[in-house]
Amino acid sequence: MSENKQPKVGVFVCHCGVNIGSVVNVPEVVKYAKSLPNVAYAEGNLYTCSSEGLSKIKEAIKKYDLTQVVVASCTPRTHEPLFRGACEEAGLNKYLFHMANIREHCSWVHAKEPAEATEKAKEIVRMAVAKAALLEPQTEPEIEVQPSTLVIGGGISGMSAAVSLAHQGFSVHLVEKKKTLGGKLNELCKLYPTDMQSSEIVEEFVQAVKSNPSITLHTLSTVKNVEGFIGNFKVTLDQEGKDEALDVGTIIVATGAEVFEPSSMYCYGECKNVVTQFELERLMKEGKLKNPKNVVMIQCVGAREGKEGGRNYCSRICCATAVKNALEIKKLYPDAEVSILYRDMQTYGKDFEDCYQKARESFVQFIRFDAEDPPEVAVESNGKCTVRVRDILVNDNLELDADLVVLSTPLVQTEDAKELSKMLKVPIGADGFFFEAHVKLRPVDFATDGIFVCGTAHSPKTIPESIAQAYAAASRAGIPMALKRVRTEAITSVVDEVLCTGCGTCVKLCPYNAIQKDERGVARVNDVLCKGCGVCAASCPEKAITMRHFSDKQVLAEATAALGGD
Amino acid sequence: MSNSVLIIGGGIAGIQASLDLANRGTKVYLVEKTPSIGGRMAQLDKTFPTLDCSICILAPKMIECFRHPNITMLTYSEVKEVRGDKGDFKVKVLQKPRYVTADKCTGCGTCMEKCPVKAPNEFDMGLGNRKAIYMPFKQAVPLVATIDPSTCLYFTKGVCKVCQKICPSAAIDYEQKPKEKVLNVSSIILATGFDAFDTSAMKEYGYGRFKNVITSMEFERLICASGPTDGHLLRPSDGKGPKSLVFVQCVGSRSQRGELPYCSSVCCVYATKESILAKDHMPDTEVYIMYMDMRAVGKGFQEFVDRAKSQYSVNYIKAHPGGIAEDPKTRSLQIYYEDIKAGCNMKKLDADMVVLCPALIPKLDNKKIAEATGVELDEYGFFKSKNQLTAPVDTNVAGIYICGYCQSPKDIPESVAQASGAAARAAETIACLSKETKR
Amino acid sequence: MSEKKSFEPKIIGFLCNWCSYAGADLAGVSRIQYPSNIRVVRVMCSGRIDPIIPLEVFMRGADGVIVLGCHPADCHYVEGNLHEERKIKMLKKLLALTGLGPDRLRLDWVSASEGQRFAQIVTEFTDQIKKLGPSPVSGKVPDQKVLENLEAARNAASDFRLRVLVGRERELTEKNNVYAEKVSQEEFDLLLDEVVEAEFFRQKIHLLTQTEPLSIKALSEATCLEPAAVLKQIVNMRRRNMITVDHIEGTTPLYRALEVA
């Protein structure tokens, strides 16, 4: 790709009005630039970024047959794209452009030392020219994106994402391991803050899925294998023993979560009157709740453990669920005594706080205990339970009769998640849930392009939160598919296959899984996945990896140009 | 018929929705009331639970909005009128005059250096000053100066004009008029964010009377390196570092007294974050958080709180203070509370500085937008979801979607997710309508 | 020709695009003034800085080298900065052996919003280098011994063994190897010390015996290693075809470096 002709660098030194010009002697810098090796042309501009300045760059490229361009002005972080664009318009590959920052890094910070600032500006220009002369054209790989998505999981999140994508005009393969859609919602009863039954909601969403011709439903199916990358994933499904191959452009993980079973905690498993909150939902749904006189609910069972390797997270929805179910029981059986034993009442936001107030008004008892002094459950001979708890608000030990003990346990990651995470090469966090690209700003993206996550597979959340997040995943997946092609990073690394000895160090270091060993054991970089950090190049034991646009030679040329020698 | 989307509100939710739509080829109009996009997130020092520098992760997105060929940013603008239906809304937007020509302004800041007038800086919650000609903060997007006519000497007294004289780009234009634009869009996304409840209404906490009682947003500006004190946490009364710092949760929230019974959802964790920042800056300062329930319900938040306790020795006290008194000599404070763990005995905690975590409320302007669009508000002024369970980002008006805090209290990751969710709905609208026109 | 001018160090700074370079930009935007000795080279990630790079830069006479990356947990590329931390740790050990000392190299973290911090670090580092004085290999008469040592260090840092050890550090100390074994950080650091020393002296001996064949005694004097330690190196080097006996004077073998593939 690199031509063996003598570099002809054009240098444009900007006054930036008075910002640079009042401190740095720009004409002196221009004169100095002209004297540098490989410089074919140099000029000063008042505002290089103005349309006038940009025209001058384009003219000079053509007139002087420039092979690279240096603009000495402000920071590349704001203006590099602008100048690169100008070079491209003049027929010069945009990676043959380099900037020298003589404003933010020079005139603005050495304003009281104009002589030193001018000398520094000259050296910065010399450094930029030294690197520029070694720059080579680069291409941004463009790949086609299949307009179809694989949605793994047919619960409320998977269904919402599938319907949204279908409405956006894409085709969807919805994969569900069970026979029916709906996930955990199939086992829930009434949903607060509305009076809707869970089954109504499931029905609504299932109808939307089944009636949409763009959604292909694969029930009793699991994902067996995934190869490829964004735009071109090759998926193999296992449909009741038979293999089915799919080609999709994007993947959404919506595999949900399981409810933690607190075996041997608080006599769970020993006594049939000790159930989880989830099991209580099923009892209520099936009408099997038999007129309980005393119900004691215990929060944070197996959650917020605060210990090394424990389940240390708060499962977000348990307090609201407990309060809702307490109110339901009070509605069904107004004489029942219902107590909720809690550490913190996590009824956040608008609606849950309201529910909490209602529960208090309905005489649900709220008893606060300390994490260090948890309640104890004892099973009596008649099968009922006694719950002992230290109420820290009244500073007293209480003994409660309970013919039903309900344990609020956290949501935990599903069994198949580990398998799936390996197949898709996406990470799982310390809390067991899938780990997104960036906790704040990319909550539904994985670091691996083209794969997204939503719902409780990501972390415990409510139904509206899951739906909003599912739409978010649909929006994010929709972007590359709407564009039909994506351009990926040009600044990537490349392995010299002759030098590579297959030690595999780079494979393990790459945070994007962009390097794999091929059939011969030689490392190869996937241009599409590589983000150009350069850690592989800096670490390769055989010095077999070069980083485009930031090769050792280029970086050293820039650095040592400041030291006077070449 | 239109294929573009209007987004009202340039905070992180509005920005996320804009970028999602613009990146898939949809034309976006992003309307923001203040001179710069960025919203609340730009005012924060660091974000929980990762302690990322807030503006560092936000600024690239702001710049991306500015440079994106599919996004037209209308800052310093407000929506005045909305007509039409889903697929074909006609919106009147009024652009207020900056008295600076945006195309000419290079953001060099020379005008700000020379302007003789100082005014309280809204971005710094009034703790620092700006000039009459100003940019709200250093990383403002667009980086264009704005003249505040209420404090500018030329507009109030007809004198000065220094900025016009020295502007190297001749960008000052005192004759600039408000501009009305009519936009034709297929759908609208509301992302107007939140304000803080005015805690001076709660006399027992002394905000507004006691100098060393501040709000959490004021704390963010003080601790932020780009804020009015260069990131030094200093007591407003004497400029000294506090030896003891107390955060008070739920100020105005979960109030039994009626106005704001809901939980603002983010304060427990941001107080934890601010405590960690305080300890980072001043490891010897004692830091306390007085709370009712420690609502660390999001991903990684409980672990964050555990870290604050074990690694940073932040003290968590389960208590809701009855009142705060001030020592008139030292200007330090005494907080009276019931110590729940010690049998609810009345106790007093001395504090050099107190940070109140106020209830966060939907913007008052939501009423105007509700009137203009027909979107329903709930009893607190939040925009109402069409169905709280099954349609969180839709509203009663087809084609108008909502996201972020203006829908209900939530943190940044949830706002970002909901914003992308609203973008998906807007994209669906466009796709469905184009399918219909094809038939 | 006035040597009375006070020493103005030449400092090369490698700044990552996402954090520290932006922090330096902010220092500019905020007009925070700092000494003008630093010359900034922009890279995408601090993890890009191969240990060879600062060594080459020192060999050309830089008085100080500073690498600035994102704060841990903030790296745009997930953990490039953490990898760099390990490389710099190894590099400082090498620099200590060269006679240049580890204090002319600094690694620090600056976020995009820390304009003040950037200026402060640059000011501090510039002062520190001023106190250390000009680099022994800068100026008209570079110290040949230190220059040779730097070359040996660079060759050691280019060698497979040291690079693979540093590249695997995280894996070995934080995760398990295929045998579910983990190495504690202390154990690893001891191992690293050994390997750094061994590789450095190996390269040094190689360089010395390239110019002329030398005896163990001569090598011992030149490297300040005990003769037994020199012999151990020679034995290893012979195994790797790095060195051979050139000729014998009396009963003393003299060794000559072989070209390494």
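Position numbers for residues start from 1 in each chain and track the written sequence from start to end. Just so you know, chain letters begin at A and ligand numbers begin at 1, following the order they were written in. With pLDDT at 70 or above as the cut-off, local features in this predicted model cover only qualifying residues; side-chain atom pairs require 80 or more to be listed or tallied, and sums for whole chains, interfaces and linings still use all residues.

K.L.:
Pulling in residues and values, what's your account of the interface of chain C and chain A?
P.N.:
Quoted interface sizes are often the accessible area lost when the parts come together. Working definition of a contact: two residues with C-beta atoms, positioned from the backbone, lying within 7 Å. Residue-level contacts link 45 residues of chain C with 47 residues of chain A. Of all elements in the fold, only helix 1 (20-29), strand 2 (38-43), helix 2 (52-59), helix 3 (80-98) and helix 6 (160-174) of chain C reach the threshold of two or more residues within the side of chain C that touches chain A. Elements are defined by DSSP. Helices are runs of H or I of four residues or more, strands are runs of E of two residues or more, and each kind is numbered from the N terminus. Examining the composition of the side of chain C that touches chain A, we find that seven residues originate from one element, helix 1 of chain C, more than from any other. In this classification, Asp, Glu, Lys and Arg are treated as charged, Ala, Val, Leu, Ile, Met, Phe, Trp, Tyr, Cys and Pro as nonpolar, and every other residue, Gly included, as polar. Here the side of chain C that touches chain A is built from residues that sort into 22 nonpolar, nine polar and 14 charged.

K.L.:
Summarise the interface of chain B and chain A; cite the residues concerned and give the values.
P.N.:
At the interface, 56 residues of chain B touch 56 residues of chain A. Taken together, the elements giving at least two residues each to the side of chain B that touches chain A come down to helix 1 (12-23), helix 2 (54-67), helix 8 (301-310) and helix 10 (412-438) of chain B. No other element matches the 15 residues that helix 10 of chain B contributes to the side of chain B that touches chain A. Within the side of chain B that touches chain A, the residues separate by chemical class into 26 nonpolar, 16 polar and 14 charged.

K.L.:
Tell me about the nonpolar core, residues and numbers included.
P.N.:
The nonpolar side chains of a soluble globular protein tend to be buried, and buried together. Residues and elements named next belong to chain A. Counting residues in each nonpolar core, the largest one holds 412 residues, and the members touching the most others are Ala-72, Val-125 and Val-405. The element best represented in this core is helix 12 (residues 463-483), accounting for 12 residues. Leaving out residues up to four positions away in the same chain, Val-125 has contacts with Val-11, Val-29, Tyr-32, Ala-33, Val-70, Ala-72 and Ala-100. Structurally, a nonpolar core is described as a collection of buried Ala, Val, Leu, Ile, Met, Phe, Trp, Tyr and Cys residues joined by way of C-beta atoms within 7 Å. Any residue whose C-beta has 12 or fewer other C-beta atoms within 10 Å is treated as exposed, any with 20 or more as buried, and any in between as partly exposed, C-beta atoms being built from the backbone.

K.L.:
Before we move on, could you go through helix 2 (residues 51-64) of chain A and cite the residues and values that matter?
P.N.:
Residue and element names in this part refer to chain A. Take the number of residues in a helix, subtract one, and multiply by 1.5 Å to get its expected span. Its 14 residues place the ends of helix 2 20 Å apart at the C-alpha level, agreeing with the 20 Å of an ideal helix rising 1.5 Å per residue. For helix 2, the complete set of buried residues consists of Gly-53, Leu-54, Ile-57, Ala-60 and Ile-61. On an axial view of helix 2, the arc spanned by its buried residues comes to 125°, and they lie on one face. Exposed side of helix 2, more than 90 degrees from the buried face: Ser-51, Glu-52, Glu-59, Lys-62 and Lys-63 are the residues found there. Buried residues belonging to helix 2 abut strand 1 (9-14), strand 2 (39-45), strand 3 (68-73) and helix 3 (76-89). Positive phi shows up at Asp-65, right after helix 2, with a value of about 55°. The directions considered for the arc are those from the helix axis to the C-beta atoms.

K.L.:
Now, about helix 9 (residues 318-332) of chain A: what can you tell me, with residues and values included?
P.N.:
Each α-helix turn comprises 3.6 residues. Residues three or four places apart therefore point the same way. Residue and element names in this part refer to chain A. For helix 9, with 15 residues, the first-to-last C-alpha span of 21 Å sits near the 21 Å given by 1.5 Å per residue. In terms of burial, helix 9 is largely enclosed, as 11 of its 15 residues are buried. Inspection of helix 9 places Cys-318, Cys-319, Ala-320, Thr-321, Ala-322, Val-323, Lys-324, Asn-325, Ala-326, Leu-327 and Ile-329 among the buried residues, and these make up the whole buried set. Elements that come into contact with the buried residues of helix 9 comprise helix 8 (277-285), strand 17 (294-298), strand 18 (337-342) and helix 10 (351-361).

K.L.:
Break down the environment of Asn-81 of chain C for me, citing the residues and quoting the values.
P.N.:
Residues and elements named next belong to chain C. As for its placement among the helices and strands, Asn-81 is situated in helix 3. For Asn-81, a count of 28 C-beta atoms within 10 Å gives the class buried. Residues Asn-81 and Ile-38, spaced 43 residues apart in sequence, show a C-alpha to C-alpha distance of 21 Å.

K.L.:
Requested: an account of the sheet that holds strand 1 of chain A, with residues and values cited.
P.N.:
Residue and element names in this part refer to chain A. A pair of strands is labelled paired if DSSP reports no fewer than 2 bridges between them. Across the sheet, four strands lie side by side as 2-1-3-4; this open sheet has parallel pairing. Each end of this open sheet is capped by a strand with a single partner; those strands are strand 2 and strand 4 (97-101). When the angles between neighbouring strand axes are averaged without regard to direction, this sheet yields 15°. Here strand 1 runs beside strand 2; their pairing, made up of six bridges, is parallel. Residue Gly-10 lies in a different strand from strand 2, and its bridge partner there is Tyr-41. To obtain each axis, a line is fitted to C-alpha atoms, and for helices this fit is confined to the stretch in contact; angles are then taken between N-to-C directions over 0 to 180 degrees. Packing of helix 2 onto the sheet brings it into contact with strand 1, strand 2 and strand 3, and relative to strand 2 it is tilted by some 160°. Docked against the sheet, helix 3 engages strand 3 and strand 4, running at close to 145° with respect to strand 4.

K.L.:
Describe the sheet that holds strand 14 (residues 250-253) of chain A, naming the residues involved and giving the relevant values.
P.N.:
Residue and element names in this part refer to chain A. Spatially, the five strands line up as an open sheet ordered 10-7-6-14-25, and their pairing is parallel. What marks the edges here is a single partner per strand, and that holds for strand 10 (215-218) and strand 25 (451-453). Taking each pair of neighbouring strands and ignoring which way they run, the sheet shows an average axis angle of 20°. Pairing of strand 6 (residues 148-152) with strand 7 (residues 171-175) involves five bridges; the strand directions are parallel.

K.L.:
Go over the domain arrangement of chain C, please, and point to the residues and values.
P.N.:
All names here are of chain C. Here chain C is described as being made up of domain 1 (11-132) and domain 2 (159-257). Once you take the C-alpha centre of each, domain 1 and domain 2 turn out to be 29 Å apart. Taken together, the contact between domain 1 and domain 2 spans six residues of the former and seven residues of the latter. Delimitation of the domains relies on an automatic or database domain assignment.

K.L.:
If you had to explain the domain arrangement of chain A to someone new, which residues and values would you point to?
P.N.:
In terms of domains, chain A is made up of domain 1 (9-138), domain 2 (144-256 + 414-486), domain 3 (260-410) and domain 4 (493-548). Of note, the centres of domain 1 of chain A and domain 3 of chain A, computed from C-alpha atoms alone, are 69 Å apart.

K.L.:
Describe the pairing of strand 3 of chain A, with residues and values.
P.N.:
Residues and elements named next belong to chain A. Where burial is concerned, most of strand 3 is hidden: six out of the six residues are buried. Judged by which residues are buried, strand 3 turns out to be covered on both faces: Gln-68, Val-70 and Ala-72 on one side and Val-69, Val-71 and Ser-73 on the other are all buried. Across five bridges, the pairing between strand 1 and strand 3 is parallel. Looking at the pairing, Val-9 lines up with Gln-68 of strand 3. Where strand 3 lies against strand 4, five bridges are found, and the strand directions are parallel. Considered in strand 4, the bridge of Ala-72 is made with Ala-100. Assignment of crossover handedness uses the view with strands pointing away from the viewer, where a clockwise path from the first strand over the helix to the second indicates a right-handed crossover. Read from strand 3 through helix 3 to strand 4, the crossover connection turns out right-handed.

K.L.:
Give a description of the pairing of strand 2 of chain C that names residues and reports values.
P.N.:
Residue and element names in this part refer to chain C. Within strand 2, six of the six residues are buried, which leaves it mostly tucked inside the rest of the structure. Residues Ile-38, Val-40 and Arg-42 line one face of strand 2 and the alternating positions Arg-39, Val-41 and Val-43 line the opposite face, and both faces are buried. As paired strands, strand 1 (residues 11-16) and strand 2 are joined by six bridges and run parallel to one another. The residue of strand 2 that forms the bridge with Gly-13 is Val-40. With helix 1 bridging strand 1 and the parallel strand 2, this β-α-β connection has right-handed handedness.

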